[in-house]
Amino acid sequence: MAKAGMYVGLDIGTTSIKVVVAEYIDSQMNIIGVGNAKSEGINRGIIVDIDKTVQAIQRAVKQAEEKAGIQIKSVSVGLPANLLEVETCQGMIAVNNESKEIMDEDVRNVASAAMVRSVPPERQIVALLPQEFTVDGFEGIKDPRGMIGVRLEMFGLVFTGPKTIIHNITKCVEKAGLSVAETVITSLALTESTLSDGEKDFGTIVIDMGGGQTTTAVMHDKQLKFTHVDQEGGEFVTKDISIVLNTSFNNAEALKINYGDAYPSRTSADEDFPVDVIGKTEPVKVDERYLAEIIEARLEQIFRKAKESLAEIEALDLPGGVVLTGGAASLPGVVDLAEDIFGTTVKLHVPNQMGLRNPVFTNVISIVNYSAELSDVYHLAKSAVTGEKVSLSSSPQTNAVSTAPVYDDYEASNDYEEETKPKNEEKVTGKIKDFFSNIFD
């Protein structure tokens, strides 16, 4: 259950950087501030220029601070799934204290025992998620503290990622004048926050279509089982339009937003619009069908790459189907195209928070929500990873903000306008399949 307090999420994307300030009251999320700045220094989801990225983060943070009337001190920052690896782990200890009552220190110690493994020098442990504990042979315990026992075991998941990516993200946040409260694996936050309990249990695919990359994640048995990153996203659609129509990138982006559709059969060859072509003095007429065919070609390629990776683990037979989200998923016709390619049920996830009802905000909202839902047991396990002692008397981000003047003459939309809103709601047909795969046993 979400804790009370203030939480700040930061999503560093290829197209834009988003910041959300959320206040939790009685486990209810209330978004009080949003920042949205155009990204610089980021290519295909990876930071390539730290200074430019820092400046973009500062712009987004300033927007959120002005809107919320607070000063942001720390953030939960999203970590992309590039080269992410997931492994199971197990640890066992003897309970030390004389009373044999399991304390916080015992949970930390058993988490440390579970991490006794060889990690390559170029990688580091990102997160340790306790799944269940066993006390003297009694299984299925979520929080063993306060129980009496002699032998304590923990079963969990260890997530490791490239040191370079983790270091660059942390460095940018710190140079922006902030501290990192949580490093959240974005794919894990997405699957945890956007799926229902049934979808998490029986198995569902989540595809996050960002500007610079597309991330495919599989949740099954309430665990993140698989991730795959394709270095193509919404910006590649825009580049295709720019190259084929011989127009500028900005013009291509405007065409995609105003006239784009990913499903050509829904468009008309008789409806056209003017395009400013480089080298010509007069605009050239282009019809909707032709533009849709350009968009469809790139998105079909992205979906087929995702399908190939999913077919290798037979995840396409999971009954939860596919959930699409991310800015590029908001183009009309994307759901219809995905259903044709994946051959399963596909739906679009749109956040329901007022003012943020666009898939482009799904990541940052999921980061905030995931951070707020983290348990005391998680924080004890995290302290075993970081070596830092934690205080469980208050929420980890209680001190994430401080009071600051409210600026009344600010509008969040002035700095940067996100790409494309859905023109209409795509109809989704239901279809359930049996599934089988050793990876999900």
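For the structure itself, consult the block above.
Nothing here was measured: the structure is a model prediction, and the numbers come from that model.

Thoughts on helix α7 (residues 249–259)
Taken together, the buried positions of α7 are Ala252, Glu253, Leu255 and Lys256. Angular distribution of buried residues about the axis of α7 spans 160 degrees; they occupy a single face of the element. On the buried face of α7, the contacting elements are α6 (234–245), β16 (272–275) and α8 (288–312).

So, the pattern of salt bridges
A side chain with one charge may pair with a side chain of the opposite charge, provided their charged atoms come close. According to the stated counting rule, one finds 21 salt bridges in the structure shown. For Lys200, the salt bridge identified is with Glu192, shortest N-O distance 3.4 Å. Of the residues examined, Lys200 reaches a relative accessible area of 11% and is grouped as buried. Residue Asp336 is joined to Arg266 by a salt bridge in which the shortest nitrogen-to-oxygen separation is 3.3 Å. Here Asp336 is found in helix α9 (residues 334–342), whereas its partner Arg266 is found in the loop between α7 and β16, with 70 residues between them in sequence. A single network of salt bridges, built from pairs that share partners, joins Asp230, Glu232, Asp240, Arg298 and Lys305.

Quick look at the packing of helix α4 (residues 186–194) against helix α10 (residues 362–373)
For the pair α4 and α10, the least separation of the axes is 8 Å and the interaxial angle reads 80 degrees. When the axis of α4 is compared with that of α10, the two are roughly perpendicular. Contacts from Thr186, Leu188, Ala189, Leu190, Glu192, Ser193 and Thr194 in α4 reach Thr362, Asn363, Ser366, Ile367, Asn369 and Tyr370 in α10. In terms of residue class, the contact of α4 with α10 is built from five nonpolar, seven polar and one charged.

Observations regarding the sheet that holds strand β12 (residues 179–185)
Strand order across the open sheet formed by five strands is β3-β2-β1-β7-β12, with mixed pairing between neighbours. Here the strands that pair on one side only, and so sit at the sheet edges, are β3 (28–38) and β12. On average, each strand axis in the sheet is inclined to that of its neighbour by 25 degrees, with strand direction left out of account. Pairing between strand β1 (residues 5–12) and strand β2 (residues 16–25): eight bridges, direction antiparallel. For Asp11, the partnering residue across the bridge sits in β2 and is Lys18. Packed on one face of the sheet, helix α3 (residues 163–175) meets β1, β7 (74–79) and β12 and runs near 150 degrees to β7. Strand contacts of α10: β1, β2, β3, β7 and β12, with the helix running at about 140 degrees to β1, the strand carrying the most contacts.

Observations concerning the side chain of Thr160
Within the secondary structure, Thr160 sits in strand β11 (residues 151–162). Excluding residues that lie within four positions of it along the chain, Thr160 makes contacts with Leu83, Leu84, Glu85, Arg123, Gln124, Ile125 and Val126.

Let's talk about the environment of Ala127
Within the fold, Ala127 resides in strand β9 (residues 123–135). Once residues within four sequence positions are removed from consideration, Ala127 is found in contact with Leu157, Val158, Phe159 and Ile185.

As for α10
For α10, which comprises twelve residues, the first-to-last C-alpha distance of 16 Å matches the rise-based estimate of 16 Å (1.5 Å per residue) to within 8%. With ten of twelve residues buried, α10 is to be regarded as a mostly interior element. Among all positions of α10, only Thr362, Asn363, Val364, Ile365, Ser366, Ile367, Val368, Tyr370, Ser371 and Ala372 are buried.

Focus: the packing of α6 against α8
Closest axis-to-axis distance for the α6/α8 pair is 9 Å, and the angle between their directions is 135 degrees. In terms of axis orientation, α6 runs oblique to α8. The handedness of the crossing between α6 and α8 is right-handed. For the pair formed by α6 and α8, the contact residues are Phe236, Val237, Asp240, Ile241, Val244 and Leu245 on the first element and Tyr290, Leu291, Ile294, Ile295, Arg298 and Leu299 on the second. When grouped by side-chain class, the residues that make up the contact of α6 with α8 number ten nonpolar, no polar and two charged.

A few points about the sheet that holds strand β10 (residues 138–141)
Taken in spatial order, the four strands make up an open sheet running β8-β11-β9-β10, and their pairing is antiparallel. Every other strand in the sheet has two partners, leaving β8 (85–94) and β10 as the edge strands with one partner each. Direction aside, the axes of adjacent strands within the sheet are offset by 35 degrees on average. With two bridges connecting them, β9 and β10 associate as antiparallel partners. Among the inter-strand pairings, Phe133 is bridged to a residue of β10, identified as Ile141.

With respect to a nonpolar patch on the surface
Together, Ile243, Val244 and Tyr290 make up an exposed nonpolar region whose accessible area comes to about 300 Å². Its place among the elements puts Tyr290 in helix α8. Tyr290 gets classed as partly exposed once you look at its relative accessible area, which sits at 37%.

What counts and what doesn't
- Residues numbered from 1 in each chain as written.
- Predicted model: local features only at pLDDT ≥ 70, side-chain atom pairs only at ≥ 80, totals over all residues.
- Heavy atoms only, no water.
- Buried < 20%, exposed > 50% of the residue type's maximum accessible area, 1.4 Å probe, protein only.
- Helix = DSSP H or I, 4+ residues; strand = E, 2+ residues; numbered from the N terminus.
- Arc of directions from axis to C-beta.
- Contact = heavy atoms within 4.5 Å.
- Salt bridge = Lys/Arg side-chain N within 4 Å of Asp/Glu carboxyl O.
- Axes fitted to C-alpha atoms, helices over the stretch in contact; angles between N-to-C directions.
- Parallel < 35°, antiparallel > 145°, perpendicular 65-115°, else oblique.
- Nonpolar A, V, L, I, M, F, W, Y, C, P; charged D, E, K, R; others polar.
- Pairing = 2+ DSSP bridges.
- Expected span 1.5 Å × (residues − 1).
- Left-handed = near helix turned anticlockwise from the far one by under 90°.
- Patch = residues over 30% accessible without salt bridge, like charges linked within 9 Å, V, L, I, M, F, W, Y side chains within 5 Å.
- Areas by Shrake-Rupley, 256 points an atom, 1.4 Å probe, with all protein chains shown as cover.

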